[in-house]
Amino acid sequence: HSTIAQITEFIEWLAAERDAGRVEILTMSGLALADSRTTTRPNLLRNADFSTALSPRWLSTTGWTPDPVTKTVTTTTGSPLKQSLDLARVTYIRGVIWQLAVDFEIGTGGAEVQLSISDFDNASRLNNTKNWTLPAGKHTKRIQSVVPLTETNILMFALGRVSGGQVKMTNPRFEPV
């Protein structure tokens, strides 16, 4: 039998391996969608490589500067970028756990960042929002949510800077887990 301390130690090790990119943790639904022949996962965010102008795919773009060469977007003043997803286009994701994940690079002095998955029409039905205060350096942050089977028609994603210094984002993704 394992103790709580041993289980906690294992989960912390697993999270560190995931964050280092050596392990991919999947749910049962994520396993059903997994393909061992590739490391590519479906990403339902549009213009996630920032290769074209931020608008019209991204909303709340004031203060953000995209760099299509490095596939990043940077701000020192902007609020979180937003993007919507019409579930009528992707009905197969209903009832499945998906995650919103982003790679952040935080400038000197740190910054507060946010990830959010919500119901566009009624946040009381779905509103999964998480803020982190991060020190300077590189960080990957993610939140998970079950995509509602009914009622919710449009998901709204928010990701990026809330306050503090420079925030650079790369590789934003909404993917199955």
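Scroll up to find the structure.
Analysis parameters
Residues numbered from 1 in each chain as written. Predicted model: local features only at pLDDT ≥ 70, side-chain atom pairs only at ≥ 80, totals over all residues. Heavy atoms only, no water. Pairing = 2+ DSSP bridges. Helix = DSSP H or I, 4+ residues; strand = E, 2+ residues; numbered from the N terminus. Axes fitted to C-alpha atoms, helices over the stretch in contact; angles between N-to-C directions. Salt bridge = Lys/Arg side-chain N within 4 Å of Asp/Glu carboxyl O. Buried < 20%, exposed > 50% of the residue type's maximum accessible area, 1.4 Å probe, protein only. Polar contact = N/O pair within 3.5 Å; in protein donor to acceptor, adjacent residues only side chain to side chain.

> Looking at this structure, I do not really get the sheet that holds strand E5 (residues 111-119). What am I missing?
Two orientations exist for strands paired in a sheet by backbone hydrogen bonds: parallel and antiparallel. Across the sheet, 4 strands lie side by side as E3-E8-E5-E6; this open sheet has antiparallel pairing. Two strands lie at the open edges of the sheet, namely strand E3 (81-86) and strand E6 (127-134), each paired on one side alone. Adjacent strand axes in the sheet meet at a mean angle of 10° when their direction is disregarded. Relative to strand E8 (residues 154-164), E5 is paired through 9 bridges, and the arrangement is antiparallel. Counted as the bridge partner of Gln 114 is Gly 160 from E8.

> Teacher, can you tell me more about the pattern of salt bridges here?
Any two side chains of opposite charge can pair, so long as their charged atoms come close to each other. If you walk through the whole model with that rule in mind, you get 4 salt bridges. The shortest N-O distance in the salt bridge between Arg 173 and Asp 103 comes to 3.6 Å. You can see Arg 173 sitting in strand E9 (residues 167-176) and its partner Asp 103 sitting in strand E4 (residues 97-106), a full 70 residues away along the chain. The residues Arg 173 and Asp 103 share a single accessibility class, namely buried. Across the pair Arg 125 and Asp 119 runs a salt bridge, and its minimum N-O distance is 2.9 Å. Using a relative accessible area of 2% as the deciding quantity, one classes Asp 119 as buried. What you see here is one network of salt bridges that share partners, running through Asp 103, Arg 173 and Glu 175.

> Where do I start with the environment of Asp 49 in this structure?
Tracing the sequence through the fold places Asp 49 in the loop between helix H2 (28-33) and strand E1 (65-67). By relative accessible area, which is 29% here, Asp 49 ends up partly exposed. For the pair formed by Asp 49 and Thr 70, sequence separation is 21 residues and the distance between their alpha carbons is 8.7 Å. Side-chain polar atoms of Asp 49 contact the side chain of Ser 51, separated by 2.8 Å.

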